[in-house]
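# A structural walkthrough
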Amino acid sequence: MAKSLLITYVLWSFGGPFGLHHIYLGRDSHALLWMVTFGGFGVGWIREFWRLPKYVQNANMRHKIQRKRDLQPSMSIVRVFGQIAVGVYFGIVALISLSSLNSFYIMALPLAITLGVHLVANVGEETSNIKTTMMASIITSPIFYGRPIATVPISIVASITSMQHRHYRTPSHTEDNLSVRLYRLGLAWLAFTMPISYCVFHNTTVTITYITDTISLILDSVRIFPLLSGLLESAFLLPYHTWKLFTGGTGLSYGYNQEWTKLFASISAIQTERKRLAYEVLGLHEEATLEEINKSYRELVKLWHPDHNRHNLDEAERQFLEIQAAYEILAKNKQGGIR
């Protein structure tokens, strides 16, 4: 039965973040991805507005298109970055819910990241070799044993490996009925959400600790890039600000929700601490004007420029980068206040 573009847009509008339109089009892997990431963290769902006609066309032509099995799909940068993002996301979920398991960093974490990466690789008509992706994750994991930041390098290696082994899936001439597909999707969704739900509601303090440690490590690793660091901080604080916008923050005052308030407060504290350190690097007080910031920046850049400190190059480069980062933080803050 031919799929309707109008019905697809209606389902996308009212149930898009939960993948209803993908279920309608027979794109079950895409539907599951949307179910566990709430529409690709919202960004993927919005991006689909312009891609739905193509999805409908592919669904209606699925059994008529004949592809060579040895033909490799063209590489998609969006897919690769999506694999890395979802791999990190699955890794963080595993850290929160499964890190008490023995040999977690040897088996459970690589498996979780592999499943996230392969889920993205399986979207649409493409797929990849999950065995080679899993092997790459397992080999990389011991290098970062015991570190929450391990989710990032493992996801990158797994995504690159998956991309190198991408191919078109073998078309199936028979389709399962809707009830069977929904049953499989439901089981997969429960397998993903049950461990994390248990930890969130019954082991909140440990959950908060893992999330805070992971966020701190990620922000610390990009602190010399103020723009990227600021974007990440804003993304981490978005759920909190959204909640306060609609509820006034009243729902965060009782029970376990106080722990989540502490998490968002700790992220805000990171922002405040970065500003304090920036003033310290430039040798200024917190009431310094933009003119004073510019003057101190110019003087310190001349003093610590690597070209003027070839006898102490390593220290000069470190100081120079810190001065640049501090200036970007304070100048952006002051200019924003002026506007």
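Please refer to the structure placed before this passage.
Attention in this report is confined to the structure presented alongside it. The residue numbers shown here count from 1 along each chain, following its written sequence. Under the rules for a predicted model, residues below a pLDDT of 70 receive no local features and side-chain atom pairs below 80 are neither given nor counted, while totals for whole chains, interfaces and linings still include all residues. To obtain the side-chain values, all non-hydrogen atoms of the structure were used and water was disregarded.

### Concerning unusual backbone geometry
Put simply, the rule reads: Strands here are runs of E lasting at least two residues and helices are runs of H or I lasting at least four, both read from the DSSP assignment and numbered beginning at the N terminus.
Here the phi dihedral of Phe-38 falls at roughly 55°; this positive angle occurs in a residue that is not glycine. Even without being glycine, Phe-41 reaches a positive phi, approximately 60°. With respect to the helices and strands, Phe-41 occurs in helix H3 (residues 28-41).

### Quick look at the packing of aromatic side chains
The following threshold applies: Aromatic pairing here means that ring centres of Phe, Tyr or Trp (its six-membered ring) are within 6.5 Å. Orientation follows from the plane angle: under 30 degrees is stacked, over 60 is edge-to-face, and everything else is tilted. Burial here depends on accessible area, computed with a 1.4 Å probe over protein chains only, as a share of the maximum for the residue type. Under 20% is buried, over 50% is exposed, and the range in between is partly exposed.
Under the definition given, this model contains 13 aromatic pairs. Pairing Phe-18 with Phe-38 gives two aromatic rings, centres 5.3 Å apart and planes at 85°, and the pair type is edge-to-face. On the criterion of sequence distance, the pair formed by Phe-18 in the loop between helix H1 (5-15) and helix H2 (20-24) and Phe-38 in helix H3 is long-range, its members being 20 residues apart. A relative accessible area of 48% places Phe-38 in the partly exposed class.

### Some remarks on the pattern of salt bridges
Our working rule: Salt bridges, as used here, are contacts in which a Lys or Arg side-chain nitrogen is within 4 Å of a carboxyl oxygen on Asp or Glu.
Scanning the model with the defined rule gives 6 salt bridges in all. In this structure, Glu-315 and Arg-318 form a salt bridge, with 2.6 Å as the shortest nitrogen-oxygen distance. With Glu-315 and Arg-318 both in helix H15 (residues 313-338), this residue pair falls 3 residues apart, about one helical turn. By relative accessible area, which is 24% here, Glu-315 ends up partly exposed. On the basis of relative accessible area, Arg-318 is assigned to the partly exposed category, the value being 38%. Several salt bridges converge on common partners, so that one network encompasses Glu-315, Arg-318 and Glu-322.

### Things to note about a nonpolar patch on the surface
How we decide: A patch consists of residues whose relative accessible area exceeds 30% and which take part in no salt bridge; residues with like charges are grouped when within 9 Å of each other, and nonpolar side chains (Val, Leu, Ile, Met, Phe, Trp, Tyr) when within 5 Å. Note on areas: these come from Shrake-Rupley sampling with a 1.4 Å probe, and a residue is covered only by the protein chains present in the view.
Residues Leu-6, Val-10 and Phe-14 make up a contiguous nonpolar surface patch of roughly 380 Å² in combined accessible area. Here Val-10 is to be found in helix H1. Accessibility expressed as a relative area gives 41% for Val-10, which makes it partly exposed.

### With respect to the nonpolar core
Spelled out, the test is: Here the nonpolar core consists of buried residues drawn from Ala, Val, Leu, Ile, Met, Phe, Trp, Tyr and Cys, with membership extended through side-chain atoms lying within 4.5 Å. Throughout, a residue-residue contact means that at least one pair of heavy atoms, one from each residue, lies within 4.5 Å.
Core analysis: the biggest nonpolar cluster contains 16 residues, and Leu-282, Ile-293, Ile-323 and Leu-330 have the highest contact counts within it. Elements with a contribution of two residues or more to this core: helix H13 (257-281), helix H14 (290-304) and H15. If you tally residues by element for this core, the top one is H15, at 7 residues. For Leu-282, the residues in contact, after removing those within four places along its chain, are Ile-293, Ser-296, Tyr-297, Leu-300, Ile-323, Ala-326, Tyr-327 and Leu-330. Core analysis: the second largest hydrophobic core is formed by 14 residues, Leu-33, Val-93, Val-120 and Val-123 among them.

### Section: the side chain of His-118
Secondary-structure assignment places His-118 in helix H7 (residues 104-121). Contacts of His-118, omitting those with residues within four sequence positions, involve Thr-127, Ser-128 and Ile-130.

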